[in-house]
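Okay, here's what each chain looks like letter by letter:
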Amino acid sequence: TGVVVRRWGRAEGLPGDRVYEVEPGPTGKLWVGTDSGLALMWPDQDVIVPWNTSPLAAGEPAYAVLDLGSAVLIGGESGVTALGDLPRRYRDVLAVPGPVLALHRDGRALWAVTPSDAWRLERGQLQRFELPVEALSAAVGGGSLWVGSERGLHRFDAGLGRFVAGPAVGPVRRIEGDGAVVWAVAGGRILAIDGAGGQRDYLQVRLPTDLAVSPRGVWVATARGPQLLDPYSGEVREIEGLDEGIERLAVGPEGEVVAWLEGGGLVRLPTGLPVVGGPPTWSLGVASDLHIDASGRTWILGDRGAGVIPAR
């Protein structure tokens with residue numbers, strides 16, 4: 001037929017091989033959106049220029065979300081993005097280099113945690129504190145910022161102005177603060193650690209992958225469905241009717257619980273009813289975090305972007 005078909009992908013200079021959208025640009029040029037970023041393309045000249053993207057660009061990993069009321073901060077591979085009207089006293093946090101794994105408030109201070117550093121923004125001053133370990137997660141509890149790593153827990157000592165070693169609990173990949181206590185998924189078990197470093201082990205749970213603290217107890221994600229842990233008695237209750245593996249858990253301001261399933265999709269616990277109205281979880285890749293903010297919005301964070309489901 002004489003038709004010449006040409007192909008452009010990563011080998012030809014595009015950021016990625018999967019193209020989601022092509023739009024006309026300046027004369028003779030095209031904007032090309034791919035799974036790994038944006039590019040400006042001159043198809044007749046075989047010229048492709050990758051375009052700088054924002055920290056919340058489609059295809060960029062997203063790891064953390066923090067609701068500030070008038071604005072929401074998203075921590076991702078390239079740094080911090082603000083959605084909404086960010087108060088002036090918080091604007092310097094946008095200078096923190098990525099990847100930003102965690103965002104937390106502790107009183108008047110705002111913390112942004114990267115694998116190598118913890119950045120504290122307080123009274124308009126941004127300070128960097130070097131971490132003694134490579135951080136995997138972080139949470140505020142017991143009056144301190146805690147960091148989880150392959151080597152256990154470390155907490156920020158305000159008096160010393162540095163991070164000090166916490167209890168030797170093994171690799172810690174997920175932690176959550178709950179007032180005076182920090183909850184951790186460590187070495188195949190659940191731990192509760194207070195501000196003085198005292199700990200309680202909950203060995204009754206089965207190989208947890210995530211946890212979320214609610215008024216009803218501590219929800220635990222496992223490869224065989226959710227469990228509900230009573231933090232006082234240590235009793236573990238199985239949730240009937242849902243035996244699919246769970247990637248992440250989140251608890252909302254009214255105590256509602258949402259689970260991100262290993263097979264894809266979101267459900268409410270304990271009913272197992274699907275959550276509708278947001279992007280398909282498969283489009284966001286591997287689960288980074290699941291969060292319900294104070295306004296009731298559900299944030300879905302993955303290694304290929306972020307999505308949000310409006311409050312019901």
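Everything below is about the structure printed above this text.
Q: It is not clear to me how the overall build of the protein chain should be interpreted in this structure. Could you clarify?
A: A tally of regular secondary structure across the protein chain gives zero helices and 29 strands. With the C-alpha coordinates of the protein chain rotated into their principal frame, the extents come out at 75 × 50 × 35 Å. Counting all 312 residues of the protein chain, 47% fall into the buried class. Taking all contacts inside the protein chain whose residues are at least 6 apart in sequence as the whole, residues at least 24 apart take part in 34%. A total accessible area of about 15,200 Å² is found for the protein chain, and carbon and sulfur atoms account for 50% of it. Averaging the locations of the 29 positively and 37 negatively charged side chains of the protein chain gives two centres separated by 4 Å.

Q: I would appreciate a short explanation of the environment of Leu290 in the present structure.
A: Tracing the backbone through its elements, the reader meets Leu290 in strand β27 (residues 287–292). Leu290 has contacts with Arg248, Leu249, Ala250, Val258, Ala259, Trp260, Leu266, Thr298, Trp299 and Ile300, leaving out every residue within four places of it along the chain.

Q: Even after reading the chapter, I still don't get the sheet that holds strand β29 (residues 305–309), so can you show me in this structure?
A: Strand pairing in a sheet relies on backbone hydrogen bonds. The paired strands run either parallel or antiparallel. Spatially, three strands are ordered β27-β28-β29 in an open sheet, and the strand pairing comes out antiparallel. Of all strands in the sheet, those with a lone pairing partner are β27 and β29, marking the two edges. Strand-to-strand twist across the sheet, computed as the mean angle between neighbouring axes with direction ignored, equals 15 degrees. Relative to β29, strand β28 (residues 298–302) runs antiparallel, the two sharing five bridges. In the strand pairing of β29, Thr298 is matched with Ile309.

Q: Please clarify how the pattern of salt bridges should be interpreted in this entry.
A: In this structure the tally under the stated criterion is 12 salt bridges. The salt bridge involving Arg297 is made with Asp67; its shortest N-O contact spans 3.9 Å. With Arg297 in the loop between β27 and β28 and Asp67 in strand β5 (residues 62–67), this pair connects stretches of sequence that are 230 residues apart. According to the relative accessible area criterion, Arg297 is partly exposed, its value standing at 25%. For Asp67, a relative accessible area of 12% corresponds to the buried category.

Q: Sorry if this is basic, but what is going on with the nonpolar core here?
A: Nonpolar side chains in soluble globular proteins generally cluster together in the buried interior. Counting residues in hydrophobic clusters, the biggest one holds 16 residues, and the most contacted among them are Leu68, Leu73, Val93, Leu103, Leu110 and Ala112. Elements that contribute at least two residues to this core include exactly β5, β6 (71–76), β9 (109–113) and β10 (117–122). Those residues in contact with Ala112, other than ones at most four positions away along the chain, are Val93, Val96, Val100, Ala102, Leu103, Asp117, Ala118 and Trp119.

Calculation notes
Residues numbered from 1 in each chain as written. Predicted model: local features only at pLDDT ≥ 70, side-chain atom pairs only at ≥ 80, totals over all residues. Heavy atoms only, no water. Helix = DSSP H or I, 4+ residues; strand = E, 2+ residues; numbered from the N terminus. Buried < 20%, exposed > 50% of the residue type's maximum accessible area, 1.4 Å probe, protein only. Contact = heavy atoms within 4.5 Å. Areas by Shrake-Rupley, 256 points an atom, 1.4 Å probe, with all protein chains shown as cover. Lys, Arg positive; Asp, Glu negative; His and termini not counted. Charge placed at Lys NZ, Arg CZ, Asp CG, Glu CD. Pairing = 2+ DSSP bridges. Axes fitted to C-alpha atoms, helices over the stretch in contact; angles between N-to-C directions. Salt bridge = Lys/Arg side-chain N within 4 Å of Asp/Glu carboxyl O. Core = buried A, V, L, I, M, F, W, Y, C linked by side-chain atoms within 4.5 Å.

Distances and angles like these do not, on their own, reveal function.
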